[in-house]
Amino acid sequence: MSKILHSNMKENNYSLILRAIFINKSIERVNLVKETLLSPSTVTRCVSKLVKTGIVIEKGTSSENRVGRKAITLEMNPEAFKVLLVDIGASKTNYAIGFLNGSLNKIKAIETPKKFEEVLENVYELLKDYKDIEFVSFSIPGMVDVDNNEILFVPSRGWRNIKINVPGKRIFADNEANLAMITEAFQNENIRNSKCSVFVTVREGFGTGLWINGEIFRGPSFSAGEFGHTIIDIKSNEICHCGNRGCVEQYTSLSKYFGKNFELKKYLKGSSIKKDSKLKEYTEILSKALVNIVNSLNPEYIIVGGELSGLPRTFYEEIEDLVKKSSLEHASKILKILPPTFTNDTYLYGALYATIENFFIPEIIESIK
């Protein structure tokens, strides 16, 4: 299956145009030419076909001041493709409808069931009201065989070797950090073209999505990037969900470190990382976990998200300084630590973006050919 995010491949004209329209939400043809570097005639020809198929719609006029007739803007048709999105967290599971223009309609949130079958029961109920949906896309807090839609292991729930099947629907499922990484690569050209970038999700656990040489790297057994289960305290007596002791995620989880229902965003409004001793200790632990990633992979970008999304820019800058002080000089020489694109619902957006990237756009391109 072709991947529109594979930087080593000559990108299809349609994928360039579709991504530009998707990211800009609304764009004129003339600006589409500038962004894609395609010729005006190529853009006109491709856009005409996309409009004819109902994928792209011509809507309104540009708000830019210009002499003469205002240009028509182009947008993705939200109704051309819909996905039921399921974001499974260790404590909460969110359900939403995702549309081709990148928008979400959140429809339900429940406590994550003990059994995956209960997650599917909610899916079946929701699909009764959304019969026109062809895809169901899952964000999983664990290891997933994306080729066979199989949950291999979710440490926080103890789920193992579960085949995902929704009769009559097409399925996509992936690890939550991988989905977040796909979103960042889709949105950011620098990350998309990087040799190595990492999305770190600090949620109930500590997960990483790896972007290596233009694509997600999952490993031959789909377990690559489990840095949360690397051991940093060999004398620890606390047993991790994975069965080992002293794993990274036991020390970086906000709920375990600060207590349940702790919100770092609110806490930072009245506290300084350098002045608050407990916060300073936490950021030092987090930075050490990131140092292990930096020294192992030599990434150009690390995006820190999950419960660490939407924080003041100074937080990420402080983390970057701490990481660079402790990591190998050449490993962190060009390193940038960034906040995520989305401050909320990252994994729902990731499930939507990944489904569009893996299925919709390649299939549209193939049908047009």
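Structure shown above.
Because the structure is a prediction, the values reported are computed rather than measured.

Examining the packing of aromatic side chains
And step 1. One pass over the full model with this rule turns up 13 aromatic pairs.
And step 2. Measuring from centroid to centroid gives 5.3 Å for F186 and Y353, while their planes differ by 65°, and the two rings are edge-to-face. Residue F186 is located in helix α5 (residues 176–187), and its partner Y353 is located in helix α12 (residues 346–368); the two are separated by 167 residues in the primary sequence. Residue F186 shares its accessibility class with Y353, and that shared class is buried.
And step 3. Of the aromatic side chains, those joined through ring pairs into one cluster are F22, F186, F342, Y349 and Y353.
And step 4. The ring of F153 has R160 sitting right over it, with the charged end atom 4.0 Å from the ring centre.
And step 5. Above the face of the F258 ring, K278 is positioned so that its terminal group lies 5.7 Å from the ring centre.

Here's the deal with the pattern of salt bridges
And step 1. All told, the structure shown has 10 salt bridges when counted by the stated rule.
And step 2. The closest approach of N and O atoms between R29 and E58, which form a salt bridge, is 2.7 Å. One end of the pair, R29, is in helix α2 (residues 29–36); the other, E58, is in strand β2 (residues 56–61), and 29 residues separate them in sequence.
And step 3. Of the charged contacts, one joins R170 and E363 as a salt bridge, the two residues approaching to 2.6 Å between their closest N and O atoms. Pair noted here: R170 is in strand β11 (residues 170–175) and E363 is in helix α12, with a separation of 193 residues, a long-range link.

Concerning the packing of α2 against helix α3 (residues 40–52)
And step 1. Two numbers describe how α2 lies on α3: the axes approach to 9 Å, and their chain directions differ by 115°. As α2 packs across α3, the resulting crossing turns out to be right-handed. Only P40, V43 and V47 of α3 make contact with α2, whose side of the interface consists of R29, L32, V33 and T36.
And step 2. In the contact of α2 with α3, the residues fall into 5 nonpolar, 1 polar and 1 charged.

Definitions and limits used
- Residues numbered from 1 in each chain as written.
- Predicted model: local features only at pLDDT ≥ 70, side-chain atom pairs only at ≥ 80, totals over all residues.
- Heavy atoms only, no water.
- Phe/Tyr/Trp six-rings, centres within 6.5 Å; stacked < 30°, edge-to-face > 60°.
- Helix = DSSP H or I, 4+ residues; strand = E, 2+ residues; numbered from the N terminus.
- Buried < 20%, exposed > 50% of the residue type's maximum accessible area, 1.4 Å probe, protein only.
- Lys NZ or Arg CZ within 6 Å of the ring centre and 35° of its normal.
- Salt bridge = Lys/Arg side-chain N within 4 Å of Asp/Glu carboxyl O.
- Axes fitted to C-alpha atoms, helices over the stretch in contact; angles between N-to-C directions.
- Left-handed = near helix turned anticlockwise from the far one by under 90°.
- Contact = heavy atoms within 4.5 Å.
- Nonpolar A, V, L, I, M, F, W, Y, C, P; charged D, E, K, R; others polar.

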